[in-house]
Amino acid sequence: MNLIRNEADIDVGLARLVEIDPLLAPVIAVAGPVPLRLHEPGFEGLAYIIVSQMISKTAANAIWARMVDKGAHSAIGYLACSPELVATFGLSRAKASTLEGVARSIINGDLDLDSLSELSAAEAIRTLTALKGIGRWTAEVYLMFCLGERDVFPAGDVALRAAVGHALGHALGHEVRPSIAELESIASRWKPYRSVAARLFWAYYARCMGRNAIPIN
């Protein structure tokens, strides 16, 4: 994988993106700081992404705090929790099942999250999405924010579709937010810095559209 490790890598990526696509220059100018937001890889990082999907940050952080308080933020700790205790966390049934499956795969040796960084992004995504309950968005966000993969763009993310449509819609001929397929095509021009572009448009969404939609704290 090509990795993002620090803020300097973000700055380099933004500079290269402007060279690749001058349409991004005004987006960068108004988006403000583009956060790094890197987290330790492993069960804890993946579990938080699963917990936070499709709910507000406030709700996700409340659930996560309850899990951490009971030691359920590690694979071993999660499996040690009784179903009755897990039910107090506030997880949906699907998310609780997904977390249990991920934890069991790690403990059984079927999933080695540490080794994903040795794979290509496509291979790592295939490995993660082979797990029940793990979709492409979850896998892509894990690669971005836990492994630091430089060239991933979660085109299925609603906030990214809205931000790209809002910022570039007129220039690209989209009156509304682009479809997933359209956004994948648009984002292809930002290779090999699509993860930097995704961070940029999340920052734009938060600053210019009044919403905080970065998928992981």
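Each chain carries its own residue numbering, running from 1 in the direction its sequence is written. Two thresholds apply to this predicted model, a pLDDT of at least 70 for residue-level local features and 80 or more for giving and counting side-chain atom pairs, whereas whole-chain, interface and lining totals are computed over all residues. Neither water nor hydrogens contribute to the side-chain values; these are computed over all heavy atoms in the structure.

The subject of this paragraph is the overall build of the protein. Of the regular secondary structure elements, the protein holds twelve helices and zero strands. Helix and strand assignments come from DSSP, with helices taken as H or I runs of at least 4 residues and strands as E runs of at least 2, each series counted from the N terminus. Going from N to C terminus, the protein has its helices and strands arranged as α-α-α-α-α-α-α-α-α-α-α-α. The quantity called the radius of gyration is restricted to C-alpha atoms. Its globule counterpart is 2.2 Å times the number of residues to the power 0.38. Taken against the 2.2 N^0.38 rule, which gives 17 Å for 217 residues, the C-alpha radius of gyration of the protein at 18 Å falls within 12% of a compact globule. When the backbone C-alpha atoms are referred to their principal axes, the protein occupies close to 55 × 35 × 30 Å. Here the term buried applies to any residue with accessible area under 20% of the maximum for its type, exposed to any over 50%, and partly exposed to those in between, with areas from a 1.4 Å probe on protein chains only. Per-residue burial for the protein yields a buried fraction of 46% across its 217 residues. Contacts are residue-level and defined by heavy atoms, with any inter-residue pair within 4.5 Å sufficient. Put simply, 67% of the contacts in the protein that link residues at least 6 apart link residues at least 24 apart.

What follows covers the packing of aromatic side chains. Pairing of aromatic side chains requires ring centres within 6.5 Å, counting the rings of Phe and Tyr and the six-membered ring of Trp. Pairs whose planes differ by under 30 degrees are stacked, by over 60 edge-to-face, and all others tilted. The tally for this structure, following the rule as stated, stands at five aromatic pairs. Residues Phe153 and Trp190 carry aromatic rings whose centres are separated by 5.7 Å and whose planes lie at 50° to one another, so their mutual orientation is tilted. Residue Phe153 is found in the loop between α9 (136–147) and α10 (158–172), and its partner Trp190 is found in the loop between α11 (180–187) and α12 (194–208); the two are separated by 37 residues along the sequence. A residue is classified by how much of its surface remains accessible, and Phe153, at 7% relative accessible area, is buried. Seen from their ring centres, Trp190 and Phe201 are 5.4 Å apart, and the 25° between their planes marks the pair as stacked. Residue Trp190 is found in the loop between α11 and α12, and its partner Phe201 is found in helix α12; the two are separated by eleven residues along the sequence. For Trp190, a relative accessible area of 0% puts it in the buried group. For Phe201, a relative accessible area of 0% translates into the label buried. Put simply, the rings of Phe153, Trp190 and Phe201 pair up and form one aromatic cluster. Counting as a charge over the ring demands two things of the Lys NZ or Arg CZ atom: a distance within 6 Å of the ring centre and an angle within 35 degrees of the ring normal. The ring of Tyr193 carries Arg150 above its face, with NZ or CZ at 4.6 Å from the centroid.

Across its 14 residues, helix α1 (residues 7–20) extends 20 Å between first and last C-alpha, which sits within 8% of the 20 Å expected from 1.5 Å per residue. Taken residue by residue, α1 has Ile10, Gly13, Leu14 and Leu17 as its buried positions. Seen from one end, α1 has its buried residues packed into an arc of 100°, which puts them on one side. When the buried face of α1 is taken as reference, the exposed residues oriented beyond 90 degrees from it are Asp11 and Glu19. Of the surrounding secondary structure, the elements contacted by the buried residues of α1 are α2 (25–31) and α12. The length a helix should cover is 1.5 Å for every residue beyond the first. The directions from the helix axis to the C-beta atoms are what the arc is built from.

This brings us to the packing of helix α3 (residues 43–52) against helix α7 (residues 93–107). Helices that pack against each other are described as a pair by the angle of their axes relative to one another and the distance between those axes. Helix axes use the C-alpha atoms of the stretch in contact, all axes being lines fitted to C-alpha atoms, and the angles between their N-to-C directions lie in the range 0 to 180 degrees. At a closest axis distance of 10 Å, the pairing of α3 and α7 adopts a crossing angle of 165°. Considering their axes alone, α3 and α7 lie roughly antiparallel with respect to each other. Like other packed secondary-structure pairs, α3 and α7 cross with a definite hand, here right-handed. Contact residues: α3 offers Phe43, Leu46, Ala47, Ile50, Val51 and Ser52, while α7 offers Lys95, Thr98, Leu99, Val102, Ala103 and Ile106. Residue polarity is assigned by list, with Asp, Glu, Lys and Arg as charged and Ala, Val, Leu, Ile, Met, Phe, Trp, Tyr, Cys and Pro as nonpolar; anything else, Gly included, falls into the polar class. A breakdown of the residues in the contact of α3 with α7 according to their chemical character gives nine nonpolar, two polar and one charged. Each angle is binned into one of four classes, with values under 35 degrees roughly parallel, values over 145 roughly antiparallel, values of 65 to 115 roughly perpendicular, and all other values oblique. It is the rotation of the near helix from the far one that decides the hand of a crossing: anticlockwise by less than a right angle makes it left-handed, clockwise makes it right-handed.

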